[in-house]
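Next come the chains, spelled out residue by residue.
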Amino acid sequence: MKVLVFNVGSTTLKYACIDTLTQSKLTQGIVDRIGQRAGDAPDHVIAASEVIQSHAEMEIGAIGHRVVQGGDRFTRPTLVTEDSLVELACLDTLAPLHNPPARKVIEAVTQRGISIPQVMVFDTAFFTTLPPKAYRYAVPDSVVAEFGVRRYGAHGTSHQYVTEKALAHLGGDRASLRMISLHLGGGASATASIGGLAVETSMGMTPLEGLVMATRTGDIDASVALHLIRQAGMSVSEVDQLLNKQSGLVGICGEPDMRAILARRQAGDERAKLAIEIYVHRLLKYIGGYVAILGGLDALVFTAGVGEHSIEIRRLVTEPLSHLGIRIDPASNESESTADVREVTAAAAPVRTLVVRTNEELAIALQIAELFT
């Protein structure tokens, strides 16, 4: 089955055509700077139409859409219908930067009358196994019921994919295997799972909560936003922009790219050094907390751009954790291997440490293919 996967961002549309039999990418690309001056397309609808037209001769079996927020309404891949689109529109406010453009693309494809079935795959679906003690905020029931205030998580498609890859590599008693997966890219999140089922995750109602990211603060006292509104006279939109686009690594040292920050740190730049210290410190807090929740740890997994490619970040994160049984082999860590799963565990270390290449487009396509079998 050939699945054309759309991954819609706030100003981008990534796409890939996946052959689910061979698990290979037949095409891939990105429509960038959508709606911006000198961008590739004036809006997401036109961008999607052009991509579909370019695949007209490829006998596409399904179109898959990555949707960031499924709330508690969508817990599995879902066919696009009139009813499911109405339900999807109700979730716009929970992911205002991502869900509306994704929904508009889905609606546009539907309105074109294309006979190819469309399927929505939700980033939050992997986290529907979280227990109430993990997803519930300490707020009144009325706030939860009326406004959907709870933790939903994000990056679920990636966490689910690398968790399954790691389980297959590790073998043994899958049902009891305790794992922490670290998706470290521009956005960053940590997930704890047992037997492949998520029991905790770092992102919350939105992707702002949790780890320090390229431009997002991660965990922060909620009163900071109120303080800035009251004392600095900032608007809600300005605070939103500050916390999501102007903070994190870029807020600390003016640079969102981990490679550049590490190079500056190596050259003695104190702001870059501080940025890395804060970034790693937050990771250590989450790993330690998740080990406590899991009652121990069998495997630690690094994935996404930083997790897969930064030798130094993996070293900095694992070096202080030898007392938890996490130790990596320097030679394996520095290997340039391109294997989908590679082990960097030190000899005799009780916790196995893996580097797993994520592939969200393939993960989405495989879920969709399974829906039709």
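Right above here is the structure, for reference.
Cut-offs used in this document
- Residues numbered from 1 in each chain as written.
- Predicted model: local features only at pLDDT ≥ 70, side-chain atom pairs only at ≥ 80, totals over all residues.
- Heavy atoms only, no water.
- Helix = DSSP H or I, 4+ residues; strand = E, 2+ residues; numbered from the N terminus.
- Rg over C-alpha atoms; globule rule 2.2 N^0.38 Å.
- Buried < 20%, exposed > 50% of the residue type's maximum accessible area, 1.4 Å probe, protein only.
- Contact = heavy atoms within 4.5 Å.
- Areas by Shrake-Rupley, 256 points an atom, 1.4 Å probe, with all protein chains shown as cover.
- Lys, Arg positive; Asp, Glu negative; His and termini not counted.
- Charge placed at Lys NZ, Arg CZ, Asp CG, Glu CD.
- Axes fitted to C-alpha atoms, helices over the stretch in contact; angles between N-to-C directions.
- Parallel < 35°, antiparallel > 145°, perpendicular 65-115°, else oblique.
- Nonpolar A, V, L, I, M, F, W, Y, C, P; charged D, E, K, R; others polar.
- Pairing = 2+ DSSP bridges.
- Core = buried A, V, L, I, M, F, W, Y, C linked by side-chain atoms within 4.5 Å.

**Q** Outline the overall build of the protein chain, listing residues and values.
**A** Counting secondary structure elements, the protein chain contains 15 helices and 12 strands. For 373 residues, the compact-globule estimate of 2.2 N^0.38 gives 21 Å, and the C-alpha radius of gyration of the protein chain, at 21 Å, lies within 12% of that figure. For the C-alpha atoms alone, the extent of the protein chain along its principal axes is close to 60 × 55 × 45 Å. Taking all 373 residues of the protein chain together, 50% fall into the buried category. Sequence separation of 24 or more characterises 63% of the internal contacts of the protein chain that already satisfy a separation of 6 or more. A total accessible area of about 17,100 Å² is found for the protein chain, and carbon and sulfur atoms account for 52% of it. Across the protein chain, the mean location of the 34 positive side-chain charges is 4 Å away from that of the 41 negative side-chain charges.

**Q** Could you give an account of the packing of helix α6 (residues 156–170) against helix α15 (residues 360–371), naming the residues involved and the relevant values?
**A** Across the interface, α6 lies against α15 with an axial gap of 9 Å and an inter-helix angle of 85°. Relative to α15, α6 is oriented roughly perpendicular. Every residue of α15 that contacts α6 at Thr157, Ser158, Gln160 and Tyr161 is listed here: Glu360, Leu362, Ala363, Ile364 and Gln367. Its residues assigned to classes, the contact of α6 with α15 comprises 4 nonpolar, 4 polar and 1 charged.

**Q** Provide a residue-level description of the sheet that holds strand β5 (residues 78–79), including the pertinent values.
**A** Strand order across the open sheet formed by 6 strands is β3-β2-β1-β4-β6-β5, with mixed pairing between neighbours. Strand pairing shows two members of the sheet lacking a second neighbour, β3 (24–31) and β5, which therefore form its edges. Looking at chain direction, strand β1 (residues 2–8) and strand β2 (residues 13–19) are connected through 7 bridges and run antiparallel. Looking at β2, one finds that valine 3 is bridged to isoleucine 18. Against the sheet, helix α1 (residues 44–54) touches β1, β2, β3 and β4 (62–67), its axis set at about 160° to β1.

**Q** Break down the nonpolar core for me, with residues and values.
**A** The biggest cluster of nonpolar side chains holds 38 residues, and the ones touching the most others in it are Ile180, Leu182, Leu184, Tyr279, Ile287 and Ile313. Those elements that provide at least two residues to this core are β7 (178–184), β8 (188–194), α9 (248–253), α10 (258–266), α11 (270–294), β10 (299–303) and α13 (311–318). Of all the elements, α11 adds the most residues to this core, at 11 residues. The contact partners of leucine 182, leaving out residues within four places of it in the chain, are His159, Ser189, Ala190, Leu283, Ile287, Leu300, Val301, Phe302 and Thr303. By size, the runner-up hydrophobic cluster in this structure holds 24 residues, among which are Ala62, Leu170, Ala299 and Leu354.

**Q** So what's going on with the sheet that holds strand β11 (residues 341–343)? Residues and values would help.
**A** Strand pairing in a sheet takes place through backbone hydrogen bonds and is either antiparallel or parallel in direction. Strand order in this open sheet of 6 strands is β9-β8-β7-β10-β12-β11, and the pairing throughout is mixed. Strands at the two margins of the open sheet, each flanked by one partner only, are β9 (197–201) and β11. The average undirected angle you get between the axes of adjacent strands in this sheet is 25°. Relative to β8, β7 is paired through 7 bridges, and the arrangement is antiparallel. If you follow isoleucine 180 over to β8, its bridge partner there is alanine 192. In the packing of α6 onto the sheet, contacts are made with β7, β8, β10, β11 and β12 (352–356), and the angle to β7 comes to roughly 135°. Strands in contact with α13 are β7, β10, β11 and β12; relative to β10, the strand with the most contacts, it is inclined by about 150°.

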